[in-house]
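# Chains, contacts and geometry: an overview
What follows is the residue order along each chain.
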Amino acid sequence: MSVVRRQGIKNTVYTYFGIILGILSTLYIQPFFLTKEQIGITRLVISVATILASVSCLGITSVVTKFFPLFHHKEKKHNNFFTVALTFPLVGFVLCFSVVSIFGKAILGFYGENASILLDYFWPIMLSSLFICLVFSFSAYCSSINKSSLPTFINEVLNRVGFITCILLFSYGVTTQNIYIYSLSLIYFIQLILLFLIINHSGHPGLSLSFFSNNSTLKQIIGFGLLSAFSQIAGVSIKFIDVVFVGKYEALAQVGVYSIAAFIGLVLETPLNALEKIAGPKIARLFAADNYLEIEKIYKLSSKYLMVFCGFFGCVLVVCIQPLLSLLPGDYSSGTLVTIIICVGAFFNSATGVNYSIITYSNFFKLGALFYFLLLVLTVFLNIILIPKYGITGAAIASAIVSVIHNLLRFILIKVKLNMQPFSIESLKIILIIAASVLSAY
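Chains are numbered independently. Their residues run from 1 in the order of the written sequence. The predicted nature of this model means local features are confined to residues of pLDDT at least 70 and side-chain atom pairs, given and counted, to a pLDDT of 80 or more, with totals for whole chains, interfaces and linings taken over all residues. To get the side-chain values, take all heavy atoms of the structure and skip hydrogens and water.

## Here's the deal with the overall build of the chain
Threshold: Here a strand is any run of E in DSSP of at least two residues, a helix any run of H or I of at least four, and the numbering for each starts at the N terminus. For the radius of gyration, the atoms used are the C-alpha atoms, and the globule rule reads 2.2 Å times the number of residues raised to 0.38. Relative accessibility decides the category of a residue: with a 1.4 Å probe and only protein chains considered, values under 20% of the type maximum give buried, values over 50% give exposed, and everything between is partly exposed. In this description, contact between two residues means that some pair of their heavy atoms is separated by no more than 4.5 Å. Where accessible areas are quoted, they stem from the Shrake-Rupley method and a 1.4 Å probe; at the residue level, only the protein chains shown are allowed to cover.
The helix and strand tally for the chain stands at 17 helices and 0 strands. Computed over C-alpha atoms, the radius of gyration of the chain comes to 21 Å, within 12% of the 22 Å expected from 2.2 N^0.38 for 442 residues, which places it in the range of a compact globule. Considering only C-alpha atoms, the chain reaches an extent of 60 × 55 × 40 Å along its principal axes. A total of 442 residues make up the chain; the buried ones form 54% of that total. The contacts in the chain between residues at least 6 apart in sequence include a share of 86% that link residues at least 24 apart. Surface summary for the chain: the accessible area is close to 19,700 Å², and the carbon and sulfur share equals 70%.

Okay, here's the thing in structure tokens:
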């Protein structure tokens, strides 16, 4: 059995175990051991830290995936390429921290009545953002040296175990709320240390600033990194900005309700995220070898299998979400429509397959970056318009609209530029079966 296949099987097992822990955390641990306000604070802190981390990364995850094969040489410690994986996020964080420090008051003024939360937890947010951006970088490096299964276990399983532990310690009075929020950043720090130990053991990382001198590809790396940074900032912002805007316009309790309901819907995207981690490096290598037939095969298969998986579980969620939310303590019923709408966007995102990797590692990644910019503007606009009018349901509508438009643009770009599309008559059959299943269940 090949290394890639073994890694893929292990990644799948760890990912699904992580899904189970995530569901346990979201549907039992958080609602039963935290108040809605405390859930809202938790999600707000994590969302802001993740957005700042994406800014700090400077596109390092795409840089590592695309350029590592050019420097791959285990005996030569991969020609000190680890220097890039460490330097990019550190420089990016320093720049991000400086901007936040200088313009912090203006940002807080924009945020409104819940701005005090961001001020009170400024340091845990910044610490978390530093550790998260390094986790992103080290995870990409591990995947490039074909050591993706252990990082997946750390990121998907141990991370959630740590999160649940922090909640329980806080709930039983072992820690205070301040220590609880700081402990979230500690989880990311532990992730970071474990990932570095894997790299040090398996990847023989070389670290030398001489990498940046007399390097013919340095200009290309920096250019690609900055453009990728823009795409990643926009992509992560689109994913997390709904929680931030709900916190701006609604009470923290509603942030908690939205976070629970949206997470349930976004569970559908977990297999896609796991598949992108495996498919990304492979697609990058296939583009380097001009093997477009294999890329198209991966594109079609990813669409078909994700459509089946997400369609099946989407049916279960849509039909069962109302009684499921009624089991939670307190009133989470306002999240019913949120989950259904998020499920629609998540299904569409998954059904279009690994289009992100195909665009990112093709020669048309600049157009992909332009799409992200336009969609980020659209996301902000829709949240500002819809949340004050429809509350958390408006945030879900905005998220679903952006997901559908984004994937339509990706579909058109790949079809026009590469003459590839992932759908077939089997796709239509799958959709009809899904529709019939939902109707019959109702």
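Let's pick the thread back up.
## Side note on unusual backbone geometry
Notably, D290 is not glycine yet its phi reads approximately 55°, a positive angle. Mapped onto the elements of the fold, D290 is located in the loop between α11 (270–288) and α12 (292–326).

## Focus: the packing of aromatic side chains
For the record, the criterion: Here the aromatic set is Phe, Tyr and Trp, taking the six-membered ring for Trp, and pairing holds for ring centres within 6.5 Å; pairs whose planes are under 30 degrees apart are stacked, those over 60 apart are edge-to-face, and all others are tilted. We call a charge positioned over a ring when the NZ of a Lys or the CZ of an Arg lies within 6 Å of the ring centre and within 35 degrees of the ring normal.
As enumerated under the stated definition, the model contains 14 aromatic pairs in all. With 5.7 Å between their ring centres and 80° between their planes, F287 and Y292 make a pair best called edge-to-face. Of the aromatic side chains, those joined through ring pairs into one cluster are Y28, F32, F33 and Y172. A cation over a ring is seen here: K304 above Y305, with NZ or CZ 5.2 Å from the ring centre.

## Focus on the environment of P89
On the secondary structure map, P89 appears in helix α4 (residues 82–111). Looking at P89, the relative accessible area reads 0%, which means it is buried. Not counting the four nearest positions on each side in its chain, P89 is found in contact with S56, C57, I60, V84, C133, L134 and S137.

## Structural notes on the packing of helix α2 (residues 36–56) against helix α9 (residues 218–249)
The criterion, for reference: Structural elements are reduced to axes, namely lines fitted to C-alpha atoms, with helices fitted over the stretch in contact, and the angle between N-to-C directions of any two is expressed from 0 to 180 degrees. We call two directions roughly parallel when the angle between them is under 35 degrees, roughly antiparallel when it is over 145, roughly perpendicular when it lies between 65 and 115, and oblique otherwise. The sense of a crossing depends on the near helix, which, turned anticlockwise from the far helix by less than a right angle, makes the crossing left-handed and, turned clockwise, makes it right-handed. Under this grouping Gly is polar, as are all residues other than the nonpolar Ala, Val, Leu, Ile, Met, Phe, Trp, Tyr, Cys and Pro and the charged Asp, Glu, Lys and Arg.
Contact geometry of α2 with α9 gives a least axis separation of 9 Å together with a crossing angle of 165°. Relative to α9, α2 is oriented roughly antiparallel. Considering the relative orientation of α2 and α9, their crossing is left-handed. Contacts between α2 and α9 involve R43, L44, S47, V48, T50, I51, S54 and V55 on the former and, on the latter, Q232, I233, V236, S237, F240, I241, V243 and V244. Classifying every residue of the contact of α2 with α9 by side-chain character gives 10 nonpolar, 5 polar and 1 charged.

## Some thoughts on a nonpolar patch on the surface
Selection criterion: Candidates for patches are residues over 30% relative accessible area with no salt bridge; among them, like charges are joined within 9 Å and nonpolar side chains (Val, Leu, Ile, Met, Phe, Trp, Tyr) within 5 Å. Any carboxyl oxygen of Asp or Glu that lies within 4 Å of a side-chain nitrogen of Lys or Arg is treated as forming a salt bridge with it.
Taken together, the side chains of L158, L186, F189, I190, I193, L194, F196 and L197 present a nonpolar region at the surface, about 640 Å² in accessible area. Among the elements that line the nonpolar patch, the one with the most residues is helix α8 (residues 177–202), at 7 residues. Examined against the element boundaries, L194 turns out to sit in helix α8.

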